[in-house]
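Analysis of the macromolecular model
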Amino acid sequence: MKYLSILAFVLHLAISSAEYFSSTSSLEQLLRTEVILLSELQNYVNEIKEHAEILQSEIDAIKAEHLSASDSIEGYLNNPVNAFRLIKRLHSDWETFESNVENEASRINYLEAIAGHRENLSYPTREDFVGTALALTRLQQTYQLDVAELASGMLNGVKYGAPMSWQDCFVLGQHLYQLRDYNSTVPWLQQSMQLLAQQNYAEESASLDFMEAVVSYHQAMGDYQNALNLVNHVLSVQPEQRLHLLETRFQLEQLITDGVKRGLMHEVIRSPGDYHASREYQLYQQVCREELTPTPSVQLRCRLHGRSTYVPYKLEELHLDPYVVQVHGVISTKDTIELQNLARPALQRSQVYTLGGSDPTSANFRTSKGSSFPYEMHPAMQRLKQHMSFISQLDMNSAELLQIANYGIGGHYEPHMDSFDESHDYTPDVDSTNRLATGIVYLSDVEAGGGTAFPFLPLLVTPERGSLLFWYNLHPSGDQDYRTKHAGCPVLHGSKWIANVWIRLKNQDLVRPCNLERNHEISLPYKDYN
């Protein structure tokens, strides 16, 4: 029953009562919480172990008495000393044992300590739990990861951490089931049962009862083959005790033979407007997996750039039309760390502008935390601003506040435009002009995933600490360049820190004058790509 109590504990944590999953920086608070809880639990175990050792010594002494009595019970009891000790133990010692167990304080001390910590420590919410479940599914689907490998701690063939238990896999599958993501539920329940079957208690009745319960999940979803596999396994272990499953097996075999397609998996159909089923979204995922890459061009080159500095910048052209470049070694490692540390205390869930809306809001298609700062706040920010001015030659007085963001578990930002469409309300906007250009300064390397993807180019840029990714969002006519739609691929492993620089169109006419004629037709096919 040990594993069932662990499962109950996991479920309790999942529903306990700030958001942590959207930023790896925030997850550090949760790790500190677990360190403290682990220490309290270790103290409790040490106390009950000491108490148990005392009781064990009493048990061993009494057992020794019984062992000597086994040679001749009559002879043992005829000894008045033995008779006295037996009566004394039953009259007073056992009452003492019961009283000691009843008044044993370690359990109360532990519960009181935990209750005290709950007021001051960080605990994840249900939103965090659901967010992490969706993140694992997002990583699995985007990078086409094998569930068994992912559960074993392998990411794209690299061992990064400890394996998931069968309870972990089951709880994840259960939550995906509740979220009606049945196609993702199936492999996680399947993996859970495969891991359970490998445990030394796998053939106990409680384990087989649990497997039977999971059969009902597969049946309800219309996953008859996995349901049948589980039924056959349970019957192979306890054929006589599980005769009621024979009828279930017969029904499942008939459904499979007849090719019946019914159940929750077949009832939930994506709506025609589901973006995740669109061609554009598939392109984005393919770019993240590096299945699509730009056509090689001899025109692209690496060169030294900038006449306003003593040391020119190392500029790499990634795409010419639209113009996308990566400038290497723009800011120092020291400054990247300084910017991260400045942002940590102020991180809040990142928000996005809705179509036609003026007020930003949080959304599931962008999971990160960020905060905005005036460039004058710190010398590292001022240096970054100066570098942007030298590289772009644009007027940085028309730049928005510097935004620093950190991406959490599977952190991503689905394809989007940085520039605003025609319906955007500029009324509360001080600059009242569109975003001409974007600069992403990478404040960290990322071990796996987390690249910036341009689905229509198709281009994937790998985060490189201290480098700058720069492009224009608008045509020279001021129209949106829909080819610059881009995305942040899910972070597979590591922590992704970036600084976003958005430069408005205002006062940029001397550096990038507007064309008198519109020249945006080349990007129009990508406006409504789906």
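Below or above, wherever it landed, is the structure these notes cover.

Criteria and thresholds
Residues numbered from 1 in each chain as written. Predicted model: local features only at pLDDT ≥ 70, side-chain atom pairs only at ≥ 80, totals over all residues. Heavy atoms only, no water. Axes fitted to C-alpha atoms, helices over the stretch in contact; angles between N-to-C directions. Helix = DSSP H or I, 4+ residues; strand = E, 2+ residues; numbered from the N terminus. Parallel < 35°, antiparallel > 145°, perpendicular 65-115°, else oblique. Left-handed = near helix turned anticlockwise from the far one by under 90°. Contact = heavy atoms within 4.5 Å. Nonpolar A, V, L, I, M, F, W, Y, C, P; charged D, E, K, R; others polar. Buried < 20%, exposed > 50% of the residue type's maximum accessible area, 1.4 Å probe, protein only. Pairing = 2+ DSSP bridges. Expected span 1.5 Å × (residues − 1). Polar contact = N/O pair within 3.5 Å; in protein donor to acceptor, adjacent residues only side chain to side chain. Salt bridge = Lys/Arg side-chain N within 4 Å of Asp/Glu carboxyl O. Arc of directions from axis to C-beta. Disulfide = S-S within 2.5 Å. Core = buried A, V, L, I, M, F, W, Y, C linked by side-chain atoms within 4.5 Å.

**Considerations on the packing of helix H11 (residues 224–237) against helix H12 (residues 245–257)**
At a minimum axis distance of 10 Å, the contact between H11 and H12 shows a crossing angle of 150°. In terms of their interaxial angle, H11 and H12 are classed as roughly antiparallel. Helix-helix and strand crossings are classified by hand; for H11 and H12 the assignment is left-handed. Two secondary-structure elements touch here, H11 through Tyr224, Gln225, Ala227, Leu228, Val231, Asn232, Val234 and Leu235 and H12 through Leu245, Leu246, Thr248, Arg249, Leu252, Glu253, Leu255 and Ile256. A per-class count over the contact of H11 with H12 returns eleven nonpolar, three polar and two charged.

**Remarks on the pairing of strand E7 (residues 368–373)**
Of all six residues in E7, five are buried, a share of seventy percent or more. Pairing geometry for strand E6 (residues 348–349) and E7, over two bridges, is antiparallel. Among the inter-strand pairings, arginine 349 is bridged to a residue of E7, identified as lysine 369.

**Concerning helix H2 (residues 24–71)**
One turn of an α-helix holds 3.6 residues; hence residues three or four places apart share an orientation. The first and last C-alpha atoms of H2 sit 67 Å apart over 48 residues, in line with the 70 Å expected at 1.5 Å per residue. If you check which residues of H2 are buried, you get Thr24, Ser25, Ser26, Leu30, Thr33, Glu40, Ile62, Glu65 and Ala69. Buried-residue contacts for H2 involve helix H3 (73–78), helix H4 (80–103), helix H5 (106–118), E7, strand E8 (402–407) and strand E17 (496–504). Two to three positions downstream of the cap, the backbone nitrogen of serine 25 sits 3.2 Å from a side-chain oxygen, assigning the N-cap of H2 to serine 23.

**Remarks on the sheet that holds strand E15 (residues 486–488)**
Across the sheet, four strands lie side by side as E9-E15-E12-E13; this open sheet has antiparallel pairing. Strands at the two margins of the open sheet, each flanked by one partner only, are strand E9 (413–416) and strand E13 (459–461). Each strand of the sheet is rotated relative to its neighbour by a mean of 15°, with strand direction disregarded. The pairing of strand E12 (residues 452–454) with E13 spans three bridges and is antiparallel. Paired with phenylalanine 454 across the bridge in E13 is leucine 459. Along the sheet, helix H14 (residues 279–288) contacts E9, E12, E13 and E15; its crossing angle with E12, the most-contacted strand, is approximately 135°.

**What about the pattern of salt bridges?**
Under the counting rule described, the total for this entry stands at 13 salt bridges. With its nearest N and O atoms 2.8 Å apart, the salt bridge here joins arginine 289 to glutamate 291. Judged by its relative accessible area of 42%, glutamate 291 is partly exposed. Linked by salt bridges that have partners in common, Asp209, Glu212 and Arg242 make up one network.

**Some details on the sheet that holds strand E4 (residues 313–319)**
Taken in spatial order, the nine strands of this open sheet run E3-E4-E5-E14-E10-E17-E8-E7-E6, and their pairing is antiparallel. Strands at the two margins of the open sheet, each flanked by one partner only, are strand E3 (302–305) and E6. Taken together, the four bridges between E3 and E4 define a ladder with antiparallel strand orientation. Residue pairing in the sheet places arginine 303 in a bridge with leucine 315 of E4.

**Here we look at helix H15 (residues 333–343)**
Those residues of H15 that sit buried are Asp335, Thr336, Leu339, Gln340 and Ala343. Burial along H15 is one-sided: seen end-on, the buried residues are contained in an arc of 140°.

**Structural notes on the pairing of E8**
In regular strands, side chains alternate between the two faces of the sheet. Across the six residues of E8, six count as buried, placing the element largely inside the fold. Burial of the side chains of E8 extends over both faces: Leu402, Ile404 and Asn406 are buried on one face and Gln403, Ala405 and Tyr407 on the other. In terms of strand pairing, E7 meets E8 through six bridges, oriented antiparallel. Among the inter-strand pairings, phenylalanine 373 is bridged to a residue of E8, identified as leucine 402. The pairing of E8 with E17 spans five bridges and is classified as antiparallel. Counterpart to glutamine 403 in the pairing with E17 is asparagine 500.

**As for the side chain of histidine 416**
You can see histidine 416 is positioned in strand E9. Of the polar contacts made by the side chain of histidine 416, one reaches the backbone oxygen of glutamate 414; its length is 2.8 Å. Engagement of the side chain of histidine 416 in a polar contact is seen with the side chain of aspartate 418, the distance being 3.5 Å.

**A look at the state of the cysteines**
Scanning the entire structure with this criterion turns up one disulfide. At a sulfur-sulfur separation of 2.0 Å, the disulfide partner of cysteine 288 is cysteine 489. As the torsion about the S-S bond is roughly -90°, the cysteine 288-cysteine 489 disulfide counts as left-handed. On the criterion of sequence distance, the pair formed by cysteine 288 in helix H14 and cysteine 489 in the loop between E15 and strand E16 (491–493) is long-range, its members being 201 residues apart.

**A word on the side chain of serine 25**
Inspection of the secondary structure puts serine 25 in helix H2. Those residues in contact with serine 25 that lie beyond four places of it in its chain are Arg344, Leu347, Asn406 and Trp497.

**Here's the deal with the packing of H2 against H4**
Helix-helix packing is characterised by the crossing angle of the two axes and by the distance between the axes. One can describe the packing of H2 onto H4 by two numbers: an axis separation of 13 Å at closest approach and a directional angle of 160°. Taken together, H2 and H4 sit at an angle that is classed as roughly antiparallel. As H2 runs across H4, the sense of the crossing is left-handed. Residues His51, Leu55, Glu58, Ile62, Glu65 and His66 of H2 form the contact with H4, whose participating residues are Asn82, Arg85, Arg89, Trp94, Phe97, Asn100 and Val101. When grouped by side-chain class, the residues that make up the contact of H2 with H4 number five nonpolar, four polar and four charged.

**Considering the environment of arginine 303**
Structurally, arginine 303 can be placed in strand E3. Given a relative accessible area of 23%, arginine 303 falls into the partly exposed group. Other than its neighbours up to four places away in sequence, arginine 303 contacts Tyr313, Lys314, Leu315, Glu317 and Tyr323. A polar atom in the side chain of arginine 303 sits 3.1 Å from the side chain of glutamate 317.

**Focus on the nonpolar core**
In this structure, Trp166, Phe170, Trp188 and Met193 are the most contacted members of the largest nonpolar core, which totals 50 residues. Taken together, the elements giving at least two residues each to this core come down to helix H6 (126–142), helix H7 (147–151), helix H8 (166–178), helix H9 (182–196), helix H10 (205–221), H11, H12 and H14. Ala343, Leu436, Val441 and Trp497 belong to the second-largest nonpolar core, a separate cluster that totals 33 residues.

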